[in-house]
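Below are the chains, spelled out letter by letter.
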Amino acid sequence: MNSLQISTDPTMLSADLSSLTTSPSVSTFMPEEDASICPLLPSTPSPPLDFTHPLTPSTGNDDNNIEERNDLVADTSSSGSSTDIGLNPDNEASNSLFNNTYPYYPAKCDNIIQENGMTGNMNMQLTKDMPSFVHWNWPLIRKCTFLLFLSGIAAMLSMVVYMIINLPSSCNPPVAWYKGNVFYEIFPASFQDSNNDGLGDLRGLIGRADYLKNLNVGAVRLNSIFPSQHYPDHYQNVTSLTEIDDILGKLDDLKRLSATLHERNISLLLDLPIYPFVKHLSPSSLRSQHYNESGGNYDGDNANDEVPIISEFLRLSRSIPEENFNTNPITNAIRFWISRASIDGFYIKGLEHFYDDPYLVENIKDWKYLLGSDRILIVSKKLIDQVNDEIAEILLQYVDLVDVYLDVTNGTQYIAEQVKEIMGNHLYKVDQPWIHWSLGGISERRISSKLSPNATLATTLMELMLPGTPNIFYGDEISLEEINDVTGEHSETKHLHHLSTMLWNAHQNEFTGRESLPWLPKGSASFHHLDQISDMIQLRIKSPSIYKNAVIKEDTTMGNTNIRASKNDLLIIERWYPRRHSFVSISNFGPYLISLDLSALFYSGELIIGGLSPKNSKIYFTDFEIRPFETLIIKLHK
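Reading the values: the criteria
- Residues numbered from 1 in each chain as written.
- Predicted model: local features only at pLDDT ≥ 70, side-chain atom pairs only at ≥ 80, totals over all residues.
- Heavy atoms only, no water.
- Salt bridge = Lys/Arg side-chain N within 4 Å of Asp/Glu carboxyl O.
- Helix = DSSP H or I, 4+ residues; strand = E, 2+ residues; numbered from the N terminus.
- Buried < 20%, exposed > 50% of the residue type's maximum accessible area, 1.4 Å probe, protein only.
- Pairing = 2+ DSSP bridges.
- Core = buried A, V, L, I, M, F, W, Y, C linked by side-chain atoms within 4.5 Å.
- Contact = heavy atoms within 4.5 Å.
- UniProt positions renumbered as here; feature names shortened; annotations may be inferred.
- 1 Å grid on protein atoms, 1.4 Å probe; cavity = no way out; pocket = protein on both sides within 12 Å on 5 of 7 lines; lining within 4 Å.
- Points joined across faces, edges and corners; volume = space filled by probe spheres on them.
- Nonpolar A, V, L, I, M, F, W, Y, C, P; charged D, E, K, R; others polar.
- Patch = residues over 30% accessible without salt bridge, like charges linked within 9 Å, V, L, I, M, F, W, Y side chains within 5 Å.
- Areas by Shrake-Rupley, 256 points an atom, 1.4 Å probe, with all protein chains shown as cover.
- Axes fitted to C-alpha atoms, helices over the stretch in contact; angles between N-to-C directions.
- Parallel < 35°, antiparallel > 145°, perpendicular 65-115°, else oblique.
- Phe/Tyr/Trp six-rings, centres within 6.5 Å; stacked < 30°, edge-to-face > 60°.
- Lys NZ or Arg CZ within 6 Å of the ring centre and 35° of its normal.

A. Spatial organisation of the pattern of salt bridges. Applying the stated criterion across every chain, the model contains 15 salt bridges. With a shortest N-O distance of 2.7 Å, Arg221 and Asp271 are connected by a salt bridge. Remark: Asp271 occurs in strand 7 (residues 267-273) and Arg221 occurs in strand 6 (residues 219-222); sequence separation between them is 50 residues. When sorted by exposure, Arg221 lands in the same class as Asp271, which is buried. Ionic pairing is found between Asp246 and Lys250, a salt bridge with its closest N-O pair at 3.5 Å. Owing to a relative accessible area of 51%, Lys250 belongs among the exposed residues under this scheme. In the salt-bridge network here, residues are joined through shared partners; they are Glu185, Arg221, Asp271 and Lys349.

B. Focus on the pairing of strand 5 (residues 183-186). Side chains Phe183 and Glu185 project from strand 5 onto one buried face, and the interleaved Tyr184 and Ile186 project onto a second face that is buried too. Of the pairings in the sheet, the one linking strand 5 to strand 6 comprises four bridges and is parallel in character. Across the sheet, the residue bridging to Ile186 is Leu222, located in strand 6. Of the pairings in the sheet, the one linking strand 5 to strand 12 (residues 469-473) comprises three bridges and is parallel in character. For Tyr184, the partnering residue across the bridge sits in strand 12 and is Ile472.

C. Up close: the nonpolar core. Residues Tyr184, Leu222, Leu254 and Trp337 are the most contacted members of the largest nonpolar core, which totals 90 residues. The leading source of residues in this core is helix 12 (residues 329-341), at seven residues. For Leu222, the residues in contact, after removing those within four places along its chain, are Ile186, Pro188, Leu202, Leu205, Leu254, Leu257, Leu268, Leu269, Leu270 and Asp271. Counting 20 residues, the second largest nonpolar core, distinct from the first, contains Leu406, Trp437, Ile447 and Ala455.

D. Seen up close, the UniProt feature "transmembrane region" (unreviewed entry) in the protein chain. Mapped onto the present numbering, the UniProt feature "transmembrane region" (unreviewed entry) falls on residues 146-165. With 100% helix and 0% strand, residues 146-165 has its two end C-alpha atoms placed 29 Å apart.

E. Geometry of the layout of surface pockets. Considered as a void within the structure, the largest pocket measures approximately 850 Å³ in volume. Among the elements of the structure, strand 8 (345-349), helix 14 (381-386), strand 10 (401-405) and helix 16 (412-424) are those that each provide at least two residues to the lining of the largest pocket. Residue contributions to the lining of the largest pocket peak at four residues, all from helix 16. Split into classes, the residues belonging to the lining of the largest pocket amount to 13 nonpolar, eleven polar and eleven charged. What the second largest pocket holds in volume is close to 510 Å³. In terms of lining residues, the second largest pocket is bounded by 22 residues, among which Trp177, Asn181, Gly218, Asn265 and Ile541 are the most central. Contributions of two or more residues to the lining of the second largest pocket are made by helix 8 (209-214) and helix 19 (529-542). Its residues assigned to classes, the lining of the second largest pocket comprises ten nonpolar, eight polar and four charged.

F. Examining a nonpolar patch on the surface more closely. On the surface, Phe146, Leu147, Phe149, Leu150, Ile153, Met156 and Leu157 cluster together to form a nonpolar patch covering roughly 730 Å² of accessible area. Examined against the element boundaries, Met156 turns out to sit in helix 6 (residues 138-165).

G. Main features of the sheet that holds strand 9 (residues 376-380). Strand order in the closed barrel made by the eight strands is 5-6-7-8-9-10-11-12, with parallel pairing throughout. Neighbour to neighbour, the strand axes of the sheet diverge by 25 degrees on average, direction disregarded.

H. Structural view of the packing of helix 9 (residues 251-263) against helix 12. In contact at an axis separation of 9 Å, helix 9 and helix 12 are set at 70 degrees when each is read in the N-to-C sense. The orientation of helix 9 with respect to helix 12, classified from their angle, is roughly perpendicular. On helix 12, the residues that touch Leu251, Leu254, Lys255 and Ser258 of helix 9 are Phe336, Trp337, Arg340 and Ala341. Class assignment of the residues belonging to the contact of helix 9 with helix 12 gives a composition of five nonpolar, one polar and two charged.

I. Representation of the environment of Asn214 within the structure. Position of Asn214 relative to the elements: it lies in helix 8. Taking the relative accessible area as the measure of exposure, Asn214 reaches 55% and is therefore exposed. In this structure, the C-alpha to C-alpha distance between Asn214 and Arg264, residues 50 residues apart in sequence, is 9.9 Å.

J. Region of interest: the packing of aromatic side chains. Inspection of every chain in the model, using the stated rule, returns 16 aromatic pairs. For the pair Tyr211 and Trp504, a centre-to-centre distance of 4.8 Å together with 90 degrees between the ring planes defines the contact as edge-to-face. Of the two residues, Tyr211 is situated in helix 8 and Trp504 in the loop between strand 12 and helix 19; the sequence distance between them amounts to 293 residues. Exposure class is identical for Tyr211 and Trp504. Each is buried. Seen in terms of ring centroids, Tyr275 and Phe354 are 6.2 Å apart; in terms of plane orientation they differ by 80 degrees. Their pairing is edge-to-face. Highlighted residues: Tyr275 in the loop between strand 7 and helix 10 (286-291) and Phe354 in the loop between strand 8 and helix 13 (360-371), separated in sequence by 79 residues. Using a relative accessible area of 40% as the deciding quantity, one classes Tyr275 as partly exposed. Cation over ring: Arg208 sits above Trp504, and NZ or CZ is 3.8 Å from the ring centre. Cation over ring: Arg446 sits above Tyr474, and NZ or CZ is 4.8 Å from the ring centre.

Below, the structure written as structure tokens:
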């Protein structure tokens, strides 16, 4: 023994000191190594405090035990790592530690010391004193949480895709359904025959509903459905405003036509030709006959009562026998067709003959009050021109559209003056009625016969560029011509020659059956014009620059139409709207080719409709040419 009480026995001093680093003694491990291996736990109750460590020299141990311990150290050091003692109990050296000779042995990592000193498994028995979350099924909770996270991601992605799919294709400013839309006027006897009697009828119109849909029109106007003596030869001499001529069909046919058009988002309007059937206007029948029956107080100027009164009024109208509709013929006709056929509006034709009637204002108030805000009332500009300014201001408050006939046969200067007059007077204010433009009609000759078939296309494209609601007379989209009666065989129907039957195919007669002849001779048409008219209507629907009639900013209103030139048979109309494309229509209504430099007005653009150049081709205005009776629609480059 030396002074440190360490044995000086030569046997102990000759031991391989390098093997001490691999000793299973805890005291020989570095702190990090001690924490990285499984603890050495006893298999029996803790030994007494006076036990002797196998590597500690002691005089109380015999030589045999010392040799065995040295052999153990040598064996364990040959394993190459101190961690093999704790992690590999199956080797020979570690197995020798499990005998009763050695009080310590390497235990498995999942064993712990229980309170009584015995070893136990990590899956210990749970007691009621432990927190509740210990009892939870954590593997299942993790799986559910992960699935919930994935579901949330999928839901958000689905919502984004749904929003993208349902985004509107445009964010154009909205207007009322009749503002800026295109109307299509039809003389029913000349449109389509369904029963092969040679005369058009309502069922024939039903069969052509898809044609109207493809043309992109927003409303159909029937200008003559009422019975008359010798219909349709003398269609204007009506005998009733609440009946349909037998040649055209029955009330059920009109109901079906209305429903068919509504399914295609097309409104149905009726012309009411009141003159000369009505000799004078009558006092209002709304107040005494029906509003008192509903228990309401009638006040034609009280807009707040409009919805409930109108609803009750229509309910009562459906319950009243037809023979009792005789107090006010015009009011009763409006009420009848609204309640029986769901008509969307009326053009009261012939009101200019009653411009000095004392009941004019009262009747127009009642008609509009009966129609409500969703149905429209149309009157002719002739009426507005004939009454004094005070009455005109009152009438314009109750009218939705004012029909303006645009004469295009007197040159471009005259056309420009008409348009500027309409745009400049009180009719063009935002809070006033919109303009219902007409180039033809039941009482006007066709443009194709006045000028040329190409002139019909050119003027119709120009009309579709104007602010307001354009009206196309049936057949003008294909430049239908009047009857060419050179020999005078049909002179007795000369007043009907502009009402030639509609053509559907250039090679055969599809207006009526082959075994029958149409009531009027067949005319001619230019079917290749149809695509340009349809494209122009579609462009108008999509472009606020064209379908809007003004730019409204707070309290200021500014027109969005400019007449840039109107000389030498050339008419230039520019349409624009903030943050939208600007368009220009250039029309040549003369018989000669025009070449000129328009670079002072515009630099370049893109051809949209018209001309011989391919669609979307670039246009430069430095050396601009336009053929006779042609209209070009160009999108300007900014």
